[in-house]
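Tertiary structure, described
The primary structure of each chain is shown beneath.
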Amino acid sequence: MAQAMRPNTVGGLFATDGKPHPLQDTLLAVTLVLGVTAFVTAMFHNLHLLSSWTGLVGILTGAYGQWVSETTRERFGLILGLGAASVGFFLGMAHGGLFGGVIN
């Protein structure tokens with residue numbers, strides 16, 4: 001009855017393999033924070049520098065995180081962060097861009 005002792009990780013969306021992934025978890029947290037920051041600041045026209053730069057960095061960290069991710073939980077969170085960072089980046093670019101108003 002060795003199978004009775006194994007945890008069931010197949011059934012859930014947030015299933016993990018039971019191993020620690022410090023790099024992937026850090027990239028997940030950074031991508032989510034940058035994505036939320038870019039998304040929220042994109043709603044304000046004057047904060048286009050912050051939203052475009054945090055969105056760009058969030059897209060880059062999320063893409064690298066997707067490349068090295070190992071579990072569904074990591075990929076799910078990274079996709080949410082990437083989506084928010086992308087929306088924030090593109091709205092920031094529409095409001096003035098990465099250098100809008102700084103370089104004349």
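Now for a quick tour of the structure. None of the values given here were measured: they were computed from a predicted structure.

**As for the side chain of His21**
With respect to the element layout, His21 can be found in the segment before α1 (22-41). Apart from the residues within four sequence positions on either side, His21 is in contact with Glu70, Thr71 and Glu74.

**As for α1**
Here α1 is 20 residues long and its end C-alpha atoms lie 28 Å apart, about the 28 Å a rise of 1.5 Å per residue gives. Those residues of α1 not exposed but buried are Gln24, Leu27, Leu28, Thr31, Leu34, Gly35, Ala38 and Thr41. Where α1 is buried, its residues meet α2 (48-68) and α3 (72-95).

**Describing the packing of aromatic side chains**
Scanning all chains against the criterion turns up three aromatic pairs. Note on Trp53 and Phe99: the rings are 5.6 Å apart at their centroids and 75 degrees apart in plane angle, and the pair reads as edge-to-face. In this pair, Trp53 is assigned in helix α2 and Phe99 in the segment after α3, connecting sequence segments 46 residues apart. Owing to a relative accessible area of 35%, Trp53 belongs among the partly exposed residues under this scheme.

Rules and cut-offs
- Residues numbered from 1 in each chain as written.
- Predicted model: local features only at pLDDT ≥ 70, side-chain atom pairs only at ≥ 80, totals over all residues.
- Heavy atoms only, no water.
- Helix = DSSP H or I, 4+ residues; strand = E, 2+ residues; numbered from the N terminus.
- Contact = heavy atoms within 4.5 Å.
- Expected span 1.5 Å × (residues − 1).
- Buried < 20%, exposed > 50% of the residue type's maximum accessible area, 1.4 Å probe, protein only.
- Phe/Tyr/Trp six-rings, centres within 6.5 Å; stacked < 30°, edge-to-face > 60°.

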